[in-house]
Amino acid sequence: MEMQFRLTGYFRTSGDLSAAADDVETFFRTTAVELMKRGVPDGRGAVVDSVECVNDCIHFTVVSDRYARAHDAVLRLRKPLAALIGKKYRIGIRKIEIDSYIISFPSKKPLKNKIPYVKNIEYTNEQLILSLNVGEAEIENRVPDRIISLIEDKIRSQEYGGKAEHWNLLWQSEKKQHENDIDPTKQLLDARWIKRGASRGQWIHGPQITKLFRVFEQIVLDEIIAPLDYKEMIFPKLVTWEVWEHSGHAKGVYPEIYYVCPPKTRDPEFWEEVIDHYKVTLEVPIDMIAGKIDKPIGGMCYAQCPPFWMFLKGETIADSSFPIKVFDRSGTSHRYESGGIHGIERVDEFHRIELVWCGTIQQVLDESKKLQECYKRIFNDMLELEWRTAWVTPWFMAQEGLTGLSEQKEVGTIDYEAVMPYRDDWLEFQNLSVNGDKYPGGFNVKSQSREQLWSGCSGIGLERWASALLAQKGLNIKDWPDVIQDMYGEMPEGIKFL
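Note on numbering: residues in each chain are counted from 1, in written sequence order. Local features are withheld for residues below a pLDDT of 70 in this predicted model, meaning they are given only at 70 or higher, and side-chain atom pairs are given and counted only at 80 or more; totals for whole chains, interfaces and linings count all residues. The side-chain quantities take in all heavy atoms of the structure and omit both hydrogens and water.

## A closer look at the packing of aromatic side chains
Note the following rule: Stacked, tilted and edge-to-face are the three classes assigned to paired rings of Phe, Tyr and Trp, where Trp is represented by its six-membered ring and a pair needs centres within 6.5 Å; plane angles under 30 degrees give stacked, over 60 edge-to-face, the rest tilted. Strands here mean DSSP runs of E at least two residues long; helices mean DSSP runs of H or I at least four residues long; both are numbered from the N terminus. Here the term buried applies to any residue with accessible area under 20% of the maximum for its type, exposed to any over 50%, and partly exposed to those in between, with areas from a 1.4 Å probe on protein chains only. The criterion for a charge sitting over a ring is simple: Lys NZ or Arg CZ within 6 Å of the ring centre, and within 35 degrees of the ring normal.
Evaluation of the coordinates by the stated rule reveals 22 aromatic pairs. Each ring, one from F11 and one from F60, has its centre 5.1 Å from the other, and the planes form 45°; the classification is tilted. On the criterion of sequence distance, the pair formed by F11 in strand 1 (residues 4–13) and F60 in strand 3 (residues 57–64) is long-range, its members being 49 residues apart. Taken as a pair, F11 and F60 share a single burial class, namely buried. Consider the rings of F27 and F28, whose centres lie 5.6 Å apart with planes at 85°: the pair is edge-to-face. Among the residues examined, F27 registers a relative accessible area of 5% and is labelled buried. Here a set of aromatic residues connected by ring pairs shows up, and it is made of W171, F216, Y375, F379, W387, Y416, F429 and W465. It is K211 that lies over the ring of Y488; its NZ or CZ is 5.0 Å from the centre.

In structure tokens:
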């Protein structure tokens, strides 16, 4: 079973077609057949199932497979048909009207989602049957093609399965004897190294753990940034829709971002009732504010690297600049984790150092290997963790048909996981991704030599590193690895509460 299209509609003309009917029907039996077969394999493409001239309308039904989609076939016919009836009969084609457009997809499961421009979705005999609500403007703007791509994405998503199905162990350290078997978040709270922030999934980090974060940062600077020659930049932390459209995140980021809405105006008089309401009630009037803010312009930083690419957008980069290697540590990232928040390891607000590199395919793959070596040295010799790595096909790559490259261990993600003794499970505490041409292509970045550009990124989460270390070593500094003890020095005195 394969994809099928059936489009019924008519060309509305500028005059009565009685005199032209024979020529029109001959056109559909001859010229139209050739036009709709052009560029497709033998036995494939579109055919006209029926045609009839009635008054000022040329009614038709076109059926096709995916090689020459019915709406494309209709658009192909408009210009030569207009030339035929215009030259001989002085009649023009005013518009294309579509009565019905049915597309059938093979699918192992039904879809429940509402799709833009789709009136109805039925599921029968392992087929999705879509009834589209489109007109001339939509078919000219390729809306049916994007609907098809969307449905195919959803079908692949259903077949993709969970992360476990696309997880392949690469390497695992030897088992270790751990000094701790208690949830580190509970220990941190009991020791008052951390306190919950006012927002969900947010923590206030006291002097003791903040100093540990700075140790991690210094390790990254000494062991990765300096030897691999990464340059520091500052990436924006308010991310607009334009960025997410180019990066691909606009395809599905909506349930997980914190939205940013500007005020409709800064005029104090416009906001006076809000201010007065609070002064009288001492309650912030959320509903009143909602009516005075504008539509969201984007959201807070979700994935750290996409805003960087606006620096390169539309540019042609000198070959001497490759590989580009930069990092950002200038602010927090925010991700609405819904019910998945847990301790300091899965939060809505977190702190990361983001590494980004870009160059030729070989340069990007070489850089990935260098980073892997750095991480292995840090996690083995400095943090002394029990950890493992796994090759993961991220969903966006499966969605974009890149699983084949992932099987060659080129485009994809390496997850770094540390054992969490208190729950006898593993925590992803680091990742490293080779993203192929996703970002250079999305942001139209070219090289001087026109050689294809790839990129990679790796986010170093300070909370995740702390969770991994403290889960295995505990809060007693004497149980920490010697390197960490030496770098950390004396424990800072925390704030005393009475």
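## Topic: a negative patch on the surface
The following threshold applies: Like charges within 9 Å and nonpolar side chains (Val, Leu, Ile, Met, Phe, Trp, Tyr) within 5 Å are joined into patches, using only residues over 30% in relative accessible area that form no salt bridge. Here the Shrake-Rupley method, with its probe set to 1.4 Å, supplies the accessible areas, and only the displayed protein chains count as covering residues. A carboxyl oxygen of Asp or Glu within 4 Å of a side-chain nitrogen of Lys or Arg is what we treat as a salt bridge. None of His or the chain ends enter the tally, which takes Lys and Arg as positive and Asp and Glu as negative. To locate a charge, the coordinates of NZ of Lys, CZ of Arg, CG of Asp or CD of Glu are taken.
The grouping of D267, E269, E272 and D276 at the surface amounts to a negative patch. Along the polypeptide, D267 turns up in the loop between strand 12 (259–260) and helix 9 (272–281).

## Looking at a nonpolar patch on the surface
A cluster of nonpolar residues, Y278, L282, V284 and I286, forms a patch on the protein surface that exposes about 430 Å² of accessible area. Within the secondary structure, L282 is located in the loop between helix 9 and helix 10 (286–290).

## As for the sheet that holds strand 1
Under the convention used in this document: For two strands to count as paired, DSSP must find a minimum of two bridges between them. Angular values range over 0 to 180 degrees, each being the angle between N-to-C directions of two axes fitted as lines to C-alpha atoms, with helices fitted over their stretch in contact.
Reading across the sheet, the six strands line up as 2-3-1-4-6-5 and stay open at both edges, with antiparallel pairing between neighbours. Whereas interior strands pair on both sides, the edge strands pair on one side only; in this sheet they are strand 2 (46–54) and strand 5 (118–124). Neighbour to neighbour, the strand axes of the sheet diverge by 15° on average, direction disregarded. Of the pairings in the sheet, the one linking strand 1 to strand 3 comprises eight bridges and is antiparallel in character. Looking at strand 3, one finds that R12 is bridged to C57.

## Examining the sheet that holds strand 12
The strand order 11-13-12 describes an open sheet built from three strands, whose pairing is antiparallel. Each having just a single partner strand, strand 11 (238–240) and strand 12 make up the two edges of the open sheet. Bridge count between strand 12 and strand 13 (residues 298–300): two bridges; the pairing is antiparallel. Bridging from a neighbouring strand, V260 pairs with G298 of strand 13.

## Brief notes about the side chain of D65
Inclusion rule: In protein, a polar contact means a hydrogen-donor-capable atom and an acceptor-capable atom, both N or O and within 3.5 Å, with residues adjacent in sequence counting only if both atoms are side-chain atoms; elsewhere, any N or O pair within 3.5 Å suffices. The criterion used for residue contact is that any of the two residues' heavy atoms lie within 4.5 Å.
Along the chain, D65 turns up in the loop between strand 3 and helix 3 (70–89). Look at D65 and you get buried, because its relative accessible area is 8%. Within the local environment of D65, its side chain forms a polar contact with the backbone nitrogen of G45, the two atoms lying 3.2 Å apart. Separated by 2.9 Å, the side chain of D65 and the backbone nitrogen of Y67 make a polar contact. Beyond its immediate chain neighbours, meaning those up to four positions away, D65 contacts E2, M3, F5, R44 and G45.

## Here we look at the pairing of strand 4 (residues 93–106)
Across 10 bridges, the pairing between strand 1 and strand 4 is antiparallel. Each residue of the ladder has a partner; that of T8, found in strand 4, is S100. In this structure, strand 4 lies alongside strand 6 (residues 127–132), joined through six bridges in antiparallel fashion. Among the inter-strand pairings, Y101 is bridged to a residue of strand 6, identified as L132.

## Observations regarding the pairing of strand 15 (residues 324–328)
Among the five residues that make up strand 15, five are buried, leaving the element largely enclosed by the rest of the structure. Here strand 15 shows no split at all, with I324, V326 and D328 on one side and K325 and F327 on the other all buried. Sheet analysis places strand 10 (residues 231–232) next to strand 15, joined by two bridges and oriented parallel. Paired with E232 across the two strands is F327, which belongs to strand 15.

## Comments concerning the nonpolar core
Basically, it comes down to this: Joining through side-chain atoms within 4.5 Å is the link that ties buried Ala, Val, Leu, Ile, Met, Phe, Trp, Tyr and Cys residues into a set, and such a set is a nonpolar core.
Among the nonpolar cores identified, the biggest contains 57 residues, and I224, L355, Y375, F379, F429 and W465 are the most heavily contacted of them. No other element matches helix 7 (residues 207–228), which puts 10 residues into this core. For F429, the contacting residues outside a window of four places in its chain are F379, L385, W387, Y416, E417, A418, R464, W465 and A468. Grouped together as the second largest cluster of nonpolar side chains are 47 residues, A20, F60, V62 and V134 included.

## Points about helix 15 (residues 462–473)
Under the convention used in this document: Given the number of residues in a helix, its expected span is that number minus one, multiplied by 1.5 Å.
Helix length check: helix 15 (12 residues) gives 16 Å between terminal C-alpha atoms against 16 Å at 1.5 Å per residue, within 8%. The element helix 15 is largely enclosed, with a buried count of 11 among its 12 residues. For helix 15, the complete set of buried residues consists of L462, E463, W465, A466, S467, A468, L469, L470, A471, Q472 and K473. Count one or two residues on from helix 15 and you reach G474, which has phi positive near 80°.

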